[in-house]
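# Observations on the three-dimensional arrangement
Letter by letter, the chains look like this.
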Amino acid sequence: MARVISIGEVMVELARGADGRFGQSVGGDTFNTAVYLARAGVETAYATALGDDPYSDAIRASAQGEGLDTRLMARVPGRTAGLYLIDTDPQGERSFTYWRDTAPARELFELPGWEVVCEALIEANLIYLSGITLSLYSNAGLGRLLATLEFARERGTRIVFDGNFRPRNWRGDVARARAVYAEALKRTSIALPTFEDEATLWGDGSPTTTAERLATFGVQEIVVKNGAEGALVVSGGTAQLVPIPQPVEPVDTTAAGDSFNAAYLAARLAGELPTAAAEAGHHLAGRVIRHRGALLPRHANA
């Protein structure tokens, strides 16, 4: 199976351009990371469920075009993929509107053949997921996923988790979100949270507080992303702030964290130290936020 398996939801993306018109692409937090990993030469598969509509066909074709292993992208007859729109303000900060409540990705671990996905996860070298991934599933689906992560971890698979907390995805049930995150964190090898999200969910007062809390779950490697303030890297008993190389005027901050995570993981898989990996993350994220939409055009990714 693939060296890395990323789990979550990929949707049709409509991003508003400077002229007010929408351009169509595909995206989703863990999918964006998977694409940037594949572009970095990392063997990567994406695990999700799609419909059998033309847009689902296009999503799968896009994934294949990016070099992703699509064998774990289940298809559900009679269903359609999710959709989201991106709007950005003058400072490049984005806002999203979703149509995804009935997307088949929510049932990945309850569909016929869910065992195949779990078996593949157990064989992976690294599993990547996010808080958005966790928000998709019912308690039954979460139970199967968490049990699989535990078994995979015991077999030596590294579990990578980005909190990526979105309140609307949890329908205001903060207690459930915290409980589910805690179970995921107990199984996490590398945590790549964004401080703003952690402050919203847990009330953390600083990136250091976030890192200290995550360490109580036994997470050995922690990178707390904090926008223009850089990233706090905690590994091997030491903590170091890795600043961004230079200020960037963002056009669209969509996928800033997703691309950072991909570059970080690609560097770590190549044997780089955590601080050097964070520098690679800053570099890619700085390029991504100068572009509208989640994914850089391939010709711009050299």
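See the structure shown above.
Please read these numbers as outputs of a predicted model, since none were measured by experiment. (Residues numbered from 1 in each chain as written. Predicted model: local features only at pLDDT ≥ 70, side-chain atom pairs only at ≥ 80, totals over all residues. Heavy atoms only, no water.)

### Remarks on the packing of aromatic side chains
- One pass over the structure, following the stated rule, counts 9 aromatic pairs.
- Ring-pair connections join several aromatic residues into one group, and the members of that group are Phe161, Phe165, Trp170 and Tyr181.
- Sitting above the plane of the Trp114 ring, Arg144 keeps its charged end 4.0 Å from the centroid. (Phe/Tyr/Trp six-rings, centres within 6.5 Å; stacked < 30°, edge-to-face > 60°. Lys NZ or Arg CZ within 6 Å of the ring centre and 35° of its normal.)

### Some details on the sheet that holds strand S4 (residues 44–50)
- In space, the 9 strands of this open sheet follow the order S5-S4-S1-S8-S9-S10-S11-S12-S13, with mixed pairing throughout. Edge positions in the open sheet fall to strand S5 (73–75) and strand S13 (238–242), since each of these has one partner strand only.
- Inspection of the sheet shows strand S1 (residues 4–7) paired to strand S8 (residues 126–130) by 3 bridges, in the parallel sense. Bridge pairing in S8 links Val4 to Leu126.
- Across the sheet, helix H8 (residues 207–215) touches strand S10 (190–191), strand S11 (221–225) and strand S12 (231–235), and the angle it forms with S11 is around 150°. (Pairing = 2+ DSSP bridges. Helix = DSSP H or I, 4+ residues; strand = E, 2+ residues; numbered from the N terminus. Contact = heavy atoms within 4.5 Å. Axes fitted to C-alpha atoms, helices over the stretch in contact; angles between N-to-C directions.)

### Focus: helix H1 (residues 29–39)
- Taking burial as the measure, the 11 residues of H1 include 11 buried ones, the bulk of the element.
- Looking at H1, one finds that the buried residues are Asp29, Thr30, Phe31, Asn32, Thr33, Ala34, Val35, Tyr36, Leu37, Ala38 and Arg39.
- Directly after H1, the chain includes Gly41, whose backbone phi takes a positive value near 90°. (Buried < 20%, exposed > 50% of the residue type's maximum accessible area, 1.4 Å probe, protein only.)

### Focus on unusual backbone geometry
- For Asn164, which is not glycine, the phi torsion reads 35° and is therefore positive.
- Inspection of the secondary structure puts Asn164 in the loop between strand S9 (158–162) and helix H6 (174–185).
- On the basis of relative accessible area, Asn164 is assigned to the buried category, the value being 6%.
- With a phi angle near 70°, Ala255 is a residue other than glycine that sits in the positive phi range.
- Mapped onto the fold, Ala255 is located in the loop between S13 and helix H9 (256–269).
- Judged by relative accessible area, which is 5%, Ala255 ranks as buried.

### Some words on the pairing of strand S3 (residues 22–27)
- Where strand S2 (residues 11–16) meets S3, 6 bridges bridge the pair, whose relative direction is antiparallel. Bridge assignment links Leu14 to a residue of S3, and that residue is Gln24.
- A loop of 5 residues connects S2 with S3, the two strands running antiparallel in sequence, and Gly20 in this loop sits at a positive phi of about 90°.

### Brief notes about the sheet that holds S3
- Ordered by their spatial adjacency, 4 strands build an open sheet running S3-S2-S6-S7, and the pairing between neighbours is mixed. Of all strands in the sheet, those with a lone pairing partner are S3 and strand S7 (94–99), marking the two edges. In this sheet, neighbouring strand axes are inclined to one another by 25° on average, regardless of whether the strands run parallel or antiparallel.
- Strand direction decides the pairing type here: S2 and strand S6 (residues 83–88), joined by 4 bridges, are parallel.

### Here we look at the side chain of Arg106
- Mapped onto the fold, Arg106 is located in the loop between S7 and helix H3 (114–123).
- We note that Arg106 is buried and unpaired, the nearest opposite charge coming from Asp101 at a distance of 4.0 Å.
- Here Arg100 takes part through its backbone oxygen, which lies 3.1 Å from a polar atom of the side chain of Arg106.
- If we ignore the near neighbours within four places in the chain, the residues touching Arg106 are Arg100, Asp101, Ser135, Leu136 and Tyr137. (Lys, Arg positive; Asp, Glu negative; His and termini not counted. Salt bridge = Lys/Arg side-chain N within 4 Å of Asp/Glu carboxyl O. Polar contact = N/O pair within 3.5 Å; in protein donor to acceptor, adjacent residues only side chain to side chain.)

### Overview of the packing of helix H5 (residues 139–154) against H6
- At a closest axis distance of 11 Å, the pairing of H5 and H6 adopts a crossing angle of 20°. By the angle class used here, H5 and H6 are roughly parallel. Crossing geometry of H5 relative to H6 is assigned as right-handed. Across the interface between the two elements, Asn139, Leu142 and Leu146 of H5 pack against Arg176, Val180, Glu183 and Ala184 of H6.
- Its residues assigned to classes, the contact of H5 with H6 comprises 4 nonpolar, 1 polar and 2 charged. (Parallel < 35°, antiparallel > 145°, perpendicular 65-115°, else oblique. Left-handed = near helix turned anticlockwise from the far one by under 90°. Nonpolar A, V, L, I, M, F, W, Y, C, P; charged D, E, K, R; others polar.)

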